[in-house]
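Now for the letters of each chain:
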Amino acid sequence: MIETDDLPERARKLFSGPIDFLKSAPQLQHLPDPTVPEIAFAGRSNVGKSSLINAVTNRNKLARASNTPGRTQELNYFDVGRDPLVFRLVDMPGYGFAEAPKDMVKRWRFLINDYLRGRQVLKRALVLIDARHGLKDVDRDVMKMLDDAAVSYHLVLTKADKVKPTELDKTLEIIRAEAAKHPAAHPLILPTSSETGAGLPELRTAILEAVLQ
Ligand SMILES: Nc1nc2c(ncn2[C@@H]2O[C@H](COP(=O)(O)OP(=O)(O)OP(=O)(O)O)[C@@H](O)[C@H]2O)c(=O)[nH]1
Ligand SMILES: [Mg+2]
């Protein structure tokens, strides 16, 4: 069992140890048995969910990232830790992808919502927000849904390398103020970059903290 002292170092070790792709679940009935905690990466299409999974796990091609929105179409599971398995990361399809065929968007929305609302072992959802764009109404809808379902979530800014530090601070301030009005939102907003590695140690620590809760 993992002890909670020196969490950053424990998180660092865990994320540089064995991490294995487990499965892709196109529907809820394909989810693995709920035996360990899960941490889900949610967010608008193209926000950088798959890239952040790769960056946080120090691996290049664990999750499939691409410039084409709508890349991730199923719930992709990754086992963190091997003997013992400690927790699972879940890469999700993006929401708010208007260009995709309507029935596909609908199917993803049901999959995302049903998973986020109903998964007992989901310890925390990470709601990724593009640092260049800030919160959009679709993000607010997801936040509201998580509030209503009492699922605790962390707002994570992605692509921080794409904005100037002053602009990033401004965006953080705005998002912090808005997050304060959401009961299930964690007060700490995490700025990250999969390109430069900024914010990754903090994200690893936040994930492990959520897992151990
Ligand atoms: N500059 C920069 N580009 C990034 C960063 N993270 C992701 N990207 C780019 O953004 C694009 C989308 O990244 P993905 O990780 O595939 O995004 P996603 O959220 O998984 O997208 P879907 O699976 O389609 O929902 C890719 O071209 C990435 O290279 C980042 O931190 N900095
Ligand atoms: Mg993806």
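Residues numbered from 1 in each chain as written. Chains lettered and ligands numbered in written order. Predicted model: local features only at pLDDT ≥ 70, side-chain atom pairs only at ≥ 80, totals over all residues.

On to unusual backbone geometry, then. Between aspartate 83 and proline 84 the backbone carries a cis peptide bond, its omega angle lying at 10 degrees. Following the sequence through the fold, proline 84 ends up in the loop between β3 (75-80) and β4 (87-91). At asparagine 58, a position not held by glycine, the phi torsion is positive, near 55 degrees. Positioned with a positive phi, aspartate 83 is a non-glycine residue whose angle comes to about 45 degrees. As for its placement among the helices and strands, aspartate 83 is situated in the loop between β3 and β4. (Helix = DSSP H or I, 4+ residues; strand = E, 2+ residues; numbered from the N terminus.)

With 13 residues, helix α4 (residues 137-149) should cover 18 Å at 1.5 Å per step; its first-to-last C-alpha distance of 18 Å lies within 8% of that length. Within α4, burial applies to Asp139, Val142, Met143 and Leu146. Projected down its long axis, α4 carries its buried residues within an arc of 100 degrees, all on one side. Exposed positions of α4 whose direction lies more than 90 degrees from the buried face are Asp137, Arg140, Lys144 and Asp148. Elements that come into contact with the buried residues of α4 comprise β2 (38-43), α3 (102-118), β5 (122-130) and β6 (153-158). A positive backbone phi angle near 55 degrees is found at alanine 150, which sits one or two residues after α4. (Expected span 1.5 Å × (residues − 1). Buried ≥ 20, exposed ≤ 12 C-beta atoms within 10 Å, placed from the backbone. Arc of directions from axis to C-beta. Contact = placed C-beta atoms within 7 Å.)

Of all hydrophobic cores here, the largest spans 53 residues; its most connected members are Ala40, Phe41, Ala42, Leu126 and Val127. In terms of residue count, the dominant contributor to this core is helix α6 (residues 200-212) (seven residues). In contact with alanine 40, other than residues within four places in its own chain, are Val90, Met92, Leu116, Leu122, Ala125 and Leu126. (Core = buried A, V, L, I, M, F, W, Y, C linked by C-beta atoms within 7 Å.)

This part takes up the site of ligand 1. Taken together, 24 residues form the shell around ligand 1, and within it Gly48, Ser51, Ala65, Thr72 and Gly94 come nearest. In terms of residue count, helix α2 (residues 49-56) provides more of the shell around ligand 1 than any other element does, three residues in total. Partitioning the shell around ligand 1 into residue classes produces four nonpolar, 14 polar and six charged. (Near = placed C-beta within 6 Å. Nonpolar A, V, L, I, M, F, W, Y, C, P; charged D, E, K, R; others polar.)

Turning our eyes to something else, we now look at the sheet that holds β6. Taken in spatial order, the seven strands make up an open sheet running β1-β3-β4-β2-β5-β6-β7, and their pairing is mixed. Of all the strands in the sheet, just β1 (19-25) and β7 (190-191) have a single pairing partner and so form its edges. Taken together, the six bridges between β2 and β5 define a ladder with parallel strand orientation. By the bridge assignment for β5, glutamate 38 is matched with leucine 122. Of the strands in this sheet, β2, β3 and β5 are in contact with α3, which crosses β2 at around 145 degrees. (Pairing = 2+ DSSP bridges. Axes fitted to C-alpha atoms, helices over the stretch in contact; angles between N-to-C directions.)

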